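These are the residues of each chain, in order.
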Amino acid sequence: MDRFSARDMGFSLSQISSGDCAAAAARAAAADLIFKINNENVTINHSHGASRTYMLQRVDDKCDNDQSEYVALMEGGMAPDIRERANIHVCVSRIKDINETADNSHIDLRYPNLFLRGGEGIGTSAVDMNGIKKGQPLIEKECRALIFDAVADVCEASDGYQLLMITVSCPEGMMIAAKQAMGQSAFTGGITIMGSYGRIPPIQMREISNSIDEQIRFQTRQGIRSILVSPGRYCADKINQSLHVDLKTSIFCYNFPGEAIDEAVAEGVQNFLLVGNAGKLVKLAAGIMNTNSSASDARREIFAAHVALVGGTSTQAKTLMGCVTVDEMLSLLDKWGLRDMVMQSIMVQIENSVRRRCRGKMQFGVALFSEQFGLLGQTSDTRNVLMKVSQEQYALSLKMK
């Protein structure tokens, strides 16, 4: 759409900038990595109602469980930004060791879990500049804020404090920079990512729901009728050790196990195994099917109620109400000798909640885990369901190799 037709329709287009391209690609890469959402475009809004939608392309051979990369085409920017064609790549990857973060990475105090660095074709400051220290990648301050916001919004929707590295690159950057005579003494290695701050609309529940549905359909189209579901990869090692199932073929339901149950029933799934950390799945005991802590957080109330149900004291229940984490509560229950009884009582209610949701139309099992304590509890039919799920998921893993 050109600027004239846009004006005639009552809205204006924001100027193209390398900063917007980087932010749009970062948003898409984060959504793909965390939610398996493939965004073909991202809209960025600027002041005075100006906006622009950037078309994006997924770099398939650089997308897996640990990283995702998208590219936005930069073309026709305003001076002094890129005025010719260039591809702005952004890779969002999981940080497995905090020591992997480079000393010259940009950080944002609002998001201590996110780091931003420059890759191929992005210049490095040779001197201290406005908002950029010597040795840091040339990504302007307002652009950095927009990029950090774009990724942080996806993290917030996932309810996860994930350590992520955001790497911005431009393969043509060095050649473009070589043509720009101005400022060559101030930087080395490539272009500057520049632009103004803007806003990207928050990720929608519909997008996450569609991702869950598509994951389930992908398996059922291949004849799979016994599926493994998990909120995410947390406790993956403990789950593998206890149940001997690998989350590599798991369907991720994120904060919406109810959506996964509904779609599984609609797709004719026969055996449904839900496994994951207790911090998320314990909420099922209260019938909560949206486990995002911003929507619901009844963990303390659930544990306190079930302590009372198994004969605990009011003092013990009050003590649990003052805890912050599930592992903290489990440690107290262990100390009091109540952990097994409380978890058994909780699993009964989880079983009732899932049975109501699936309306008895499929066999299911639910198992809760903790990194500190391992397997905490399971519903009555988990072992039977596990046998069937293990067979079909193993066969699926062989197909995916």
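Scroll up to find the structure this text is about.
Described in the following lines is the structure provided in the data block. (Residues numbered from 1 in each chain as written. Predicted model: local features only at pLDDT ≥ 70, side-chain atom pairs only at ≥ 80, totals over all residues. Heavy atoms only, no water.)

## Some thoughts on the pairing of strand β13 (residues 363-370)
To be explicit about the condition: The classification of residues rests on relative accessible area computed with a 1.4 Å probe and restricted to protein chains. Under 20% of the type maximum is buried, over 50% is exposed, and intermediate values are partly exposed. Only DSSP runs of H or I with at least four residues qualify as helices, and only runs of E with at least two residues qualify as strands; both kinds are numbered from the N terminus onward. Each pair of strands is called paired provided DSSP finds at least two bridges between the two strands.
Summarising burial for β13: seven of the eight residues are buried, a large majority. Sheet topology note: the strand β12 (residues 271-277)/β13 ladder contains seven bridges and is parallel. Note on β13: the bridge partner recorded for Leu274 is Val366. Where β13 and strand β14 (residues 374-378) come together, four bridges link them in antiparallel fashion. Its bridge partner being in β14, Phe369 is matched across the sheet by Leu375. What sits between the antiparallel neighbours β13 and β14 is a turn of three residues.

## Observations regarding the pattern of salt bridges
For side chains of opposite charge, pairing can occur when their charged atoms come near one another. We apply this condition: Whenever a carboxyl oxygen of Asp or Glu lies within 4 Å of a side-chain nitrogen of Lys or Arg, that contact is scored as a salt bridge.
Applying the stated criterion across every chain yields a total of 14 salt bridges. For Asp297, the salt bridge identified is with Arg299, shortest N-O distance 2.7 Å. Taking relative accessible area as the criterion, Asp297 reaches 30% and is therefore assigned partly exposed. Of the charged contacts, one joins Arg355 and Glu351 as a salt bridge, the two residues approaching to 2.9 Å between their closest N and O atoms. One end of the pair, Arg355, and the other, Glu351, are both in helix α12 (residues 339-358), four residues apart, so they sit about a helical turn from each other. Exposure remark for Arg355: the relative accessible area of 39% places this residue in the partly exposed category. For Glu351, a relative accessible area of 12% corresponds to the buried category. Each member of the salt-bridge network shares a partner with another, and the members are Asp32, Arg58 and Asp60.

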